[in-house]
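Below, each chain spelled out in residue letters.
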Amino acid sequence: MSSIAHGPGLRSRFARVGGAVAALALGLSLAPGLTTVAQAAVVAPGDLQINEVYGGGGNSGATVQNDFVELVNTSGADVSIDGWSLQYASKTGDFHNSLTLTGTVPAGGTFLIQLADGNGNGEPLPEADLEGGINASGNGGVFALSDADGKLTCHGATCAEDPAIVDLVGWGAAETFSGEAPAPETDNATSVSRVDVTGENSADFVEGEPTPTPSGAEQPDPGDPGDPGDPGDPEEPVDPVEATIAEIQGTGAESPLVGDPVTTEGVVTAVYATGGLDGYVIQTGGTGGALDLSTHTGSTAVFIYSPDTMDQVAIGDSVRVSGEVSEYYDATQVTVGAEGLEPLEQPLEAVEPLSLEGGFPTEEAQRESLEHMLYLPGEGDFTVTDVYNTNTFGEVTLAIGDEPLQQAGDIMAPGDEATAYFTSREDFMVLLDDGRTTNFSNNADQVFSWLTDEEPVRVGAATSFTEPVVVAYSFDQWRLNVTTPWESADTDGVDFENTREDAPAEVGGDLQLSTFNVLNYFTTLGADVPGCEPYTDKDGTPITVRGGCDLRGAWDETNLERQEDKIVAAINGTEADVVGLMEIENSARLGETPDEATATLVDALNAEAGEGTWDFVPTGDAYAAMGLDGGQDVITNAIIFKPAEVALQGEAQILAGDEAFDNAREPIGQVFVPLTGSGEEQVEGEPFFFTVNHFKSKGSNDAEDSGLPEDPVQGNARTSRLQQAEALMTWGDVTAAELGVEDVFHGGDFNAYTQEEPLQLFYEAGFANLAETHDPEGWSYSYGGMIGSLDHVIADASATERVTGADDWQINGPEPVMAQYSRIDYNAGEVFEPGTPFASSDHDPIIVGLDGGFPEGDGDDGDDGDDGAAECEHPGKGHGNGHGKGNGKGNGKGHPHCDPTHPGHGNGHGNGHGKGHGKGHGLAHGTDVVRSGNGG
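Residues numbered from 1 in each chain as written. Predicted model: local features only at pLDDT ≥ 70, side-chain atom pairs only at ≥ 80, totals over all residues. Heavy atoms only, no water.

Caption draft 1: The overall build of the chain, seen in detail. Across its full length, the chain carries 14 helices and 50 strands. Across the 936 residues of the chain, 59% fall into the buried class. In the chain, the proportion of contacts linking residues at least 24 apart, taken out of those at least 6 apart, comes to 71%. Within the structure as shown, the chain displays about 35300 Å² of accessible surface, and the carbon and sulfur contribution to it stands at 45%. (Helix = DSSP H or I, 4+ residues; strand = E, 2+ residues; numbered from the N terminus. Buried < 20%, exposed > 50% of the residue type's maximum accessible area, 1.4 Å probe, protein only. Contact = heavy atoms within 4.5 Å. Areas by Shrake-Rupley, 256 points an atom, 1.4 Å probe, with all protein chains shown as cover.)

What follows is the structure, encoded as structure tokens:
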């Protein structure tokens, strides 16, 4: 959005702080409804409330030496808080610090909780009622007051609906808060204090000087926050001074004329008469065009906040305005009243959009010099790198350059260099903004900006601008605002490359392995289980399970069918023969028939692919043999396969009871034997052992990490993932050896990017990452504006020799969350596409081609290709390659090519007792030719 918001638009836009950061824990599938929908979730404040929060204690510039939280009891009776807890989460993380509370908050009084100290700066805190060690951030975070002492596991909007939370305060750039937006950001010298009890954090709290007040002390009045967007009226009118826009902007981050009345003139370049921004942009006539940032020092454009005159101007008008200069959320503006606009009789010279050689700058001073100026990006200047927040605020996160931003852990080993790289990525993000203040989460009747079924907006898409945009800054983000509020894909002036792939790339081989995350595929439905609570669409119709029970998936048959249709299209679309599934219902744990959900999915796959095409690896007997009734979680792993292509050798193998997996889903494996032919002529290939895995996520803290320094690259629970990698590798090798199998493949969601420590363990042991080797440009997951692969298929040395190719089929990772079945009918604009593979999950499948290891028979070798045509002056040599599998050899014919540097090539493949096909292709006389034949 634009850098300006006032009046009705003000509070809804507080939520834009940090809006480019995704609100989910890494590695966890996007839980339906995590972003608020239809109406913002609110904690209704009761008698006992969080009254003040301060996180800058002891830091440089601190007011007092300790962080603190102050509670207040508004009732006429004392309230005991014995057994309650105060819990803290970082701005983007989960609750990881908890303090058990004891004591009594007196009637009408306060209760001061002293928290961690910093470096000794500031005044000592008054004697507190309770002390704890929580170390809060100085500028933003989340505190929850709970009437229980169990750790809170919610995040984002779901926290405001957690019955264990009595009060919730998110401030600064927090992703978790009560209401539409967090309370204001603080610094080391300020706190946020309660001034109202509506449950809307952005309205109930104001920033100001800390006022820690223990029990029995008189509670200070934080005062009236006023309207931060209203500069107020001077006591006595002051005549405005003439100033150019360049003089108003100055050359620094803040205008040198803040608080002064000015008169200036310019050409209108953008108008926001609707959508909530309530103003327009003017730029000095004749400015713009090719710009040399090494000599350009100040902007020649400024935002005019003027609800009274915004509907009286049009783009291209030349105007004179009079008003007061201010900085609003660090962006310069002039506030113009009803009498402050004057059309110029003589038009000013036209403004030309900026062109920037070398692309959009990353240096803050250079960006500041472009504030509010008209800008037309060139081809390759920007690429979509995040669409997670698009459905909330109409923002598409762009990466500077022709590629999306990459996760540091995907391209370099963890360490100082990777951490520096990770933290620097924010400098390369710019938001494409719709020029509106609308929060679609509670304005479902307004159609989403950017997200349409006409033009998919996906991570990795090149972004082309056919119309100029305005460079703007607000809520800690640089933005490119469209010049009028977004209305449709046809008129927005921006084109997105369509990067969808209808089918995966060819990976070769006699059969294919794949991974697939089915995103909480549950056949036990919320509507059928007492206690389950739903996430609902904009009309209140249940879609998915929100909580209240152990279920995770669809609410009813209608929504299960929507989910299932997409999964079926995607899995059948992989053309794989063995597929490892993650996030599928563990039916046995729910008291259902073991593998019931897996069997149901197989039935659905067969309904499309043909009866008997698919089967599944049963796990019930394997668990029973270990004295277990199923996996430890309601979500499990599973394996499905095509019995015409592979046969099971022995039963399922399960790594159950290993303490390394006490916080993750245990690995499930199976030995498969490749098949070719049928009946008495069926031939078996070399067996292989394939396991499917789902390691611990990055999102929540883990006791195993105790004492380790924070690692923003690898996230939380990295010790657990290392232990799981070690356990899997050992178990896999031992099991394969016991079963007499040499070739081992491990697939699934490792919740670790390609170069992180768990994967390095495998590499050191001689395993290869097949997607990295065969599809180095591919990736499987998008988080926080960066891409990478959490999903992998890795192979030991002997198995690697059988691999013919691998591909990340990007049908899910690039897609907006609103395209998933779980978000259907959340908005008046619909982007859900039934029955297509796109957005069938949030992780992409990885497909691996594999040589079947069939014995060679007695057929003939393939024939050489024909030589070039006689009429060619320099005929090319044809090459033919024959490959026989089973008891036959293939014949290949190469079609000639008149260019000796590009001879024709023929490849023949014969499979099983002389049945095969040959293909040759070349270019003769300008025409592509493809030939097919029989081999062996």
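On we go.
Caption draft 2: Broad picture of the packing of helix α11 (residues 718-738) against helix α12 (residues 757-764). Running from N to C, α11 and α12 cross one another at 30°; their axes reach a closest spacing of 8 Å. When the interaxial angle is binned, α11 and α12 end up roughly parallel. For the element pair α11 and α12, the recorded crossing hand is right-handed. Here R721, L722, A725, E726, L728 and M729 of α11 come into contact with α12, specifically with E757, P758, L761 and F762. Residues belonging to the contact of α11 with α12 are distributed by class as follows: seven nonpolar, no polar and three charged. (Axes fitted to C-alpha atoms, helices over the stretch in contact; angles between N-to-C directions. Parallel < 35°, antiparallel > 145°, perpendicular 65-115°, else oblique. Left-handed = near helix turned anticlockwise from the far one by under 90°. Nonpolar A, V, L, I, M, F, W, Y, C, P; charged D, E, K, R; others polar.)

Caption draft 3: Here's a closer look at α11. Taking 1.5 Å per residue, 21 residues should reach 30 Å; α11 reaches 30 Å between its end C-alpha atoms and fits that length. In the stretch just after α11, G740 is the one whose phi turns positive, near 70°. (Expected span 1.5 Å × (residues − 1).)

Caption draft 4: Spatial organisation of the packing of aromatic side chains. A complete count under the given rule lists 19 aromatic pairs for this structure. Plain terms: the ring middles of F360 and Y375 are 5.8 Å apart, the flat faces sit at 35° to each other, and that makes the pair tilted. Note that F360 is positioned in the loop between β20 (352-356) and α4 (364-368) and Y375 in strand β21 (residues 374-375), a separation of 15 residues in sequence. Exposure class is identical for F360 and Y375. Each is buried. An aromatic cluster is present here, built from F661, F695, F750, F762 and F767 joined pairwise through their rings. One Lys or Arg, R425, reaches over the ring of Y421 and ends 3.9 Å from the middle of that ring. Directly above the aromatic system of F838 lies the positively charged group of R500, at a separation of 4.4 Å from the ring centroid. (Phe/Tyr/Trp six-rings, centres within 6.5 Å; stacked < 30°, edge-to-face > 60°. Lys NZ or Arg CZ within 6 Å of the ring centre and 35° of its normal.)

Caption draft 5: Main features of the state of the cysteines. Enumeration over the complete set of coordinates arrives at two disulfides. Between the sulfur atoms of C154 and its disulfide mate C159 the distance is 2.1 Å. The chirality of the disulfide connecting C154 with C159 is right-handed, given an S-S dihedral of about 105°. Residue classification places C159 among the buried residues on the basis of a relative accessible area of 0%. (Disulfide = S-S within 2.5 Å.)

Caption draft 6: Just the pattern of salt bridges, in detail. Throughout the structure, instances matching the rule amount to 17 salt bridges. Ionic pairing is found between R479 and D433, a salt bridge with its closest N-O pair at 2.8 Å. One end of the pair, R479, is in strand β28 (residues 477-482); the other, D433, is in strand β25 (residues 429-433), with 46 residues separating them in the sequence. Since its relative accessible area comes to 0%, R479 is described here as buried. For D433, a relative accessible area of 0% gives the class buried. One salt bridge in this structure joins R458 and E815, with 2.7 Å as the shortest N-O distance. Highlighted residues: R458 in the loop between β25 and β26 (462-465) and E815 in the loop between β45 (803-808) and β46 (846-850), separated in sequence by 357 residues. Salt bridges sharing partners connect three or more residues here, namely R458, R500, E815 and E833. (Salt bridge = Lys/Arg side-chain N within 4 Å of Asp/Glu carboxyl O.)

Caption draft 7: Molecular detail of the environment of V741. Looking at the secondary structure, you find V741 in the loop between α11 and β40 (743-749). Expressed as a C-alpha distance, the spacing of V741 and F688, which sit 53 residues apart in the sequence, is 6.1 Å. Here V741 is in contact with Q649, V671, P687, F688, F689 and A736, once residues within four sequence places are set aside.

Caption draft 8: Seen up close, the environment of V206. Within the secondary structure layout, V206 lies in strand β12 (residues 205-208). Residue classification places V206 among the buried residues on the basis of a relative accessible area of 11%. Measuring from C-alpha to C-alpha, the distance between V206 and W171 comes to 9.9 Å, with 35 residues separating the pair along the chain.

Caption draft 9: Up close: the nonpolar core. Core analysis: the biggest nonpolar cluster contains 43 residues, and F360, Y375, F382, L432, W450 and L480 have the highest contact counts within it. Ranked by residues supplied to this core, first place goes to strand β27 (residues 469-474) with four residues. In this view, Y375 contacts P353, L354, L356, F360, D381, F382, P468, V469, V471 and L480; residues no more than four positions away in its chain are not counted. Core analysis: the second largest hydrophobic core is formed by 41 residues, F440, I571, W614 and Y826 among them. (Core = buried A, V, L, I, M, F, W, Y, C linked by side-chain atoms within 4.5 Å.)

Caption draft 10: Up close: the sheet that holds strand β33 (residues 578-585). The six strands are arranged β34-β35-β33-β30-β46-β45 in an open sheet whose pairing can be described as mixed. The open sheet has two edge strands, β34 (615-616) and β45, and neither has a second partner. Relative to strand β35 (residues 635-641), β34 runs antiparallel, the two being bridged by two bridges. Counterpart to D615 in the pairing with β35 is F641. Each of β30 (511-521), β33, β35 and β46 touches helix α8 (residues 557-574); the most contacted strand, β30, lies at about 165° to it. In the packing of helix α9 (residues 596-609) onto the sheet, contacts are made with β30, β33, β34 and β35, and the angle to β33 comes to roughly 125°. (Pairing = 2+ DSSP bridges.)

Caption draft 11: Up close: the packing of α8 against α9. Taken N-terminus to C-terminus, the directions of α8 and α9 make an angle of 65°; their axes are 10 Å apart at the nearest point. Taken together, the axis directions place α8 and α9 in an arrangement best described as roughly perpendicular. The crossing of α8 and α9 is right-handed. Along the contact surface, α8 presents E564, I567, V568, A569, I571 and N572, while α9 presents T600, L601, A604, L605, E608 and A609.

Caption draft 12: The pairing of β25, seen in detail. Extensive coverage of β25 is indicated by the burial of five of its five residues. Neither face of β25 is left uncovered, since the one carrying M429, L431 and D433 and the one carrying V430 and L432 both have all their residues buried. One ladder, built from five bridges, connects strand β23 (residues 395-400) with β25; its direction is antiparallel. Within the sheet, the bridge partner assigned to E395 lies in β25 and is D433. For β25 and β28, the ladder comprises three bridges, and the chain directions are parallel. Paired with D433 across the bridge in β28 is N481.

Caption draft 13: Spotlight on α9. Over its 14 residues, α9 extends 20 Å from the first C-alpha to the last, a length consistent with the 20 Å expected when each residue adds 1.5 Å. Within α9, the full set of buried residues consists of A597, T598, L601, V602, A604, L605 and N606. Contacts made by the buried residues of α9 are with β30, α8, β33, β34 and β35. With its phi angle positive at about 120°, G610 sits one or two positions after the end of α9.

Caption draft 14: Region of interest: a negative patch on the surface. There is a patch of like negative charges on the surface, built from E185, D187, E207, E254, D330, E364, E426, D427 and D476. Here D427 shows up in the loop between α7 (416-424) and β25. (Patch = residues over 30% accessible without salt bridge, like charges linked within 9 Å, V, L, I, M, F, W, Y side chains within 5 Å. Lys, Arg positive; Asp, Glu negative; His and termini not counted. Charge placed at Lys NZ, Arg CZ, Asp CG, Glu CD.)

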